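Single-letter residue listing:
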Amino acid sequence: MPYVLGVDVGTTRTAAAVCRLGGAGRAEPEVVGLGGPGGGVASTLQLTPDGAFAVGEPGDPRWTATGFGRRVGDAVPVVLGADSAAERCPAEELTALMVMWVTDQVAAREGERPAHVVLAHPPGWGAHAKGLMHRALRSVGVEASLVPEPVAAAENHAFTRSAAGPLGVFSLGSHAFSASVVGRGFELVNTVEGVDHAAGVDFDDAVFSHVRTTLGRALAELDADDPRTRGLFGRLRRDCEAAKRMLSGTVETSIPVHLPSGPVDVPITRAQFEDLIRPDVEEAVSVFTRVAAGVEMTVLVGGSARIPLVAASVPGRVVLEAAPETSVVKGAALAARKLVIGPDAEPEPIETSVMVRDDDPLLRFPVGGLEAPDAEFTAPPPRPPVDITPLDLPERRTVKRVVRGLVPTGGRRARDSEDGR
Ligand SMILES: Nc1ncnc2c1ncn2[C@@H]1O[C@H](COP(=O)(O)OP(=O)(O)OP(=O)(O)O)[C@@H](O)[C@H]1O
Ligand SMILES: [Mg+2]
């Protein structure tokens, strides 16, 4: 059945969702499993010695590009390798490769190419970043439209609830925080985006600092650069992140630390964790209240919106989906559907299972006491099996060249080889 595709290239996770075009009734956006954490795939591209990119497998950090989705428009490219062997990869080309890979994966599964692709992008992108992204997508053979992440979130919200007025969008992911207002016509009315604001990785650090304080010298005396203890620290960071996620659904957990002298467990309660992150959450909420003063309803999106303190701290009527890290990608798929079938073809929204909290005490829903199901993030696999499909690229030259080599149609490729480029 024909379908459209939404893609969200987050700093840590790339997600995809499809929306069917045929069939009766409303087409729910469906998140597509890409084989990695939380149903998506890690946003990493590792350049291998044979000039192929391996998707979703971090590998050697010198050859692994990360965080490119939020660096589009940056004059400084992502540098892979060192010295004369270094490859300079513009962030938009890496992002386009990721979108191309996702599109190919989904097309292989669906048996046909999507009728349209929509890529969600950070709300702060201006004409320059969007122009670069459009060109890079075209150069890898993907015709896509772009939609700001908060607008995608609003599209997703409108699928389940009728909008009474401008919508506040509070977004807290792994590295980025943004506060936005989206108008009834799905226009971005106001937005503030900050990578300097604390987000998910900073909350992992808070758990890490708790472990450090608790263990004192036993941990401080270890040399993080010693190859024998490096594995310990890497594992500890992953366990801190897992403990943080656990604390969204339980009030106490512990972090296993594999010290050379033997393993120890460091307990942490949700109250302790909340005390550590409260200043950061309050700072984000104060930015949001300035940006979105007067909005009647706010939707919370991004994986870190699962933290109960976050939902409890945002004032007014608050809507939180069970898997808020998928709200943007589902909205991108809905935006793609709207572009193909037209805005008037959709029936009225139906209310579905979103959690709503209201500050009216009569209507108030106790967000702090109600655990959002953590279906996609429970029992975090230390290393989930990721289906790594290297992109089939020609021999390594510059990534610019590599991207051109991927263009499926003959024209540009032929022209490039004629030029000897
Ligand atoms: N249950 C949970 N409780 C707390 N944090 C969670 C939970 N589940 C996921 N997270 C955190 O959410 C973050 C990932 O969120 P998301 O997938 O929205 O980020 P991203 O889109 O990759 O990054 P960004 O939008 O910041 O560029 C990670 O920091 C992860 O630890
Ligand atoms: Mg994100």
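So, how was this worked out
- Residues numbered from 1 in each chain as written.
- Chains lettered and ligands numbered in written order.
- Predicted model: local features only at pLDDT ≥ 70, side-chain atom pairs only at ≥ 80, totals over all residues.
- Heavy atoms only, no water.
- Helix = DSSP H or I, 4+ residues; strand = E, 2+ residues; numbered from the N terminus.
- Buried < 20%, exposed > 50% of the residue type's maximum accessible area, 1.4 Å probe, protein only.
- Contact = heavy atoms within 4.5 Å.
- Areas by Shrake-Rupley, 256 points an atom, 1.4 Å probe, with all protein chains shown as cover.
- Phe/Tyr/Trp six-rings, centres within 6.5 Å; stacked < 30°, edge-to-face > 60°.
- Lys NZ or Arg CZ within 6 Å of the ring centre and 35° of its normal.
- Axes fitted to C-alpha atoms, helices over the stretch in contact; angles between N-to-C directions.
- Parallel < 35°, antiparallel > 145°, perpendicular 65-115°, else oblique.
- Left-handed = near helix turned anticlockwise from the far one by under 90°.
- Nonpolar A, V, L, I, M, F, W, Y, C, P; charged D, E, K, R; others polar.
- Polar contact = N/O pair within 3.5 Å; in protein donor to acceptor, adjacent residues only side chain to side chain.
- Near = heavy atom within 4 Å.
- Pairing = 2+ DSSP bridges.

Peer 1: An account of the overall build of the chain is needed here, citing residue identities and associated values.
Peer 2: On a plain count of helices and strands, the chain comes out with eleven helices and 19 strands. For the chain, with 421 residues in total, the buried portion stands at 52%. By sequence separation, contacts in the chain at least 24 residues apart represent 64% of the contacts at least 6 residues apart. Accessible surface computed for the chain: about 18600 Å², of which carbon and sulfur atoms make up 54%.

Peer 1: Outline the packing of aromatic side chains, listing residues and values.
Peer 2: Counted under the stated rule, the structure contains three aromatic pairs. Each ring, one from F170 and one from F288, has its centre 5.6 Å from the other, and the planes form 75°; the classification is edge-to-face. Note that F170 is positioned in strand β12 (residues 167-172) and F288 in helix α7 (residues 270-291), a separation of 118 residues in sequence. The pair formed by F170 and F288 is uniform in burial state, with each residue classed as buried. Aromatic pair F208 and F233: ring centres 6.5 Å apart, planes at 45°, arrangement tilted. On the criterion of sequence distance, the pair formed by F208 in helix α4 (residues 200-215) and F233 in helix α6 (residues 227-246) is long-range, its members being 25 residues apart. Given a relative accessible area of 15%, F233 falls into the buried group. Grouped by ring-pair contacts, the aromatic residues F170, F177 and F288 constitute a single cluster. Its end group placed over the ring of F208, R237 keeps NZ or CZ at 4.2 Å from the ring centre.

Peer 1: Lay out unusual backbone geometry with the relevant residues and their values.
Peer 2: Of note, the phi angle at F186 is positive, near 65°, even though the residue is not glycine. Locating F186 in the fold gives a position in the loop between β13 (177-182) and β14 (188-194). We classify F186 as partly exposed; its relative accessible area is 24%.

Peer 1: I'd like a rundown of the packing of helix α1 (residues 91-110) against helix α2 (residues 127-139), residues and numbers included.
Peer 2: The contact between α1 and α2 brings their axes to 8 Å, and the two run at 50°. Classified by the angle between their axes, α1 and α2 sit oblique to one another. At the point where α1 passes α2, the crossing takes the right-handed sense. Contacts between α1 and α2 involve E92, E93, T95, A96 and V99 from the first element and L132, M133, A136 and L137 from the second. Here the residues of the contact of α1 with α2 are counted per class, giving six nonpolar, one polar and two charged.

Peer 1: How would you sum up the side chain of E325? Please name residues and give values.
Peer 2: Examined against the element boundaries, E325 turns out to sit in the loop between β18 (317-320) and α9 (327-341). Of note is the side chain of E325, whose polar atom sits 2.8 Å from the side chain of R306.

Peer 1: Any chance you could break down the site of ligand 1 for me, citing the residues and the numbers?
Peer 2: Taken together, 22 residues lie near ligand 1, and T11, R70, E241, K244 and S248 sit nearest. A distance of 2.6 Å separates an oxygen atom of ligand 1 from a polar atom in the side chain of R70. Side-chain polar atom of K244 to an oxygen atom of ligand 1: 2.7 Å apart, as the coordinates give it. Out of a free accessible area of 660 Å², ligand 1 has 95% covered by protein chains. The element contributing the most residues to the shell around ligand 1 is α6, with three residues. The residue inventory of the shell around ligand 1, partitioned by class, reads three nonpolar, eleven polar and eight charged.

Peer 1: Kindly report on the pairing of strand β15 (residues 252-259), identifying the contributing residues and their values.
Peer 2: Of the two faces of β15, only the one carrying T253, I255, V257 and L259 is buried; E252, S254, P256 and H258 on the other face are not. Strand direction decides the pairing type here: β15 and strand β16 (residues 262-269), joined by eight bridges, are antiparallel. Looking across to β16, one finds that V257 is bridged to V264. Here β15 folds back onto β16 in antiparallel fashion, the turn holding two residues.

Peer 1: Would you mind going over the sheet that holds strand β7 (residues 64-66) in detail, with residue names and values included?
Peer 2: Pairing in this open sheet of three strands is antiparallel, and the strands run β6-β5-β7 from one edge to the other. Both edges of this open sheet fall to β6 (53-55) and β7, since each of them pairs with a single strand only. Each adjacent strand pair in this sheet contributes to an overall mean axis angle of 25°, direction not counted. Examined bridge by bridge, strand β5 (residues 44-47) and β6 share three bridges and lie antiparallel to one another. The residue bridging Q46 from the neighbouring strand is A54, located in β6.

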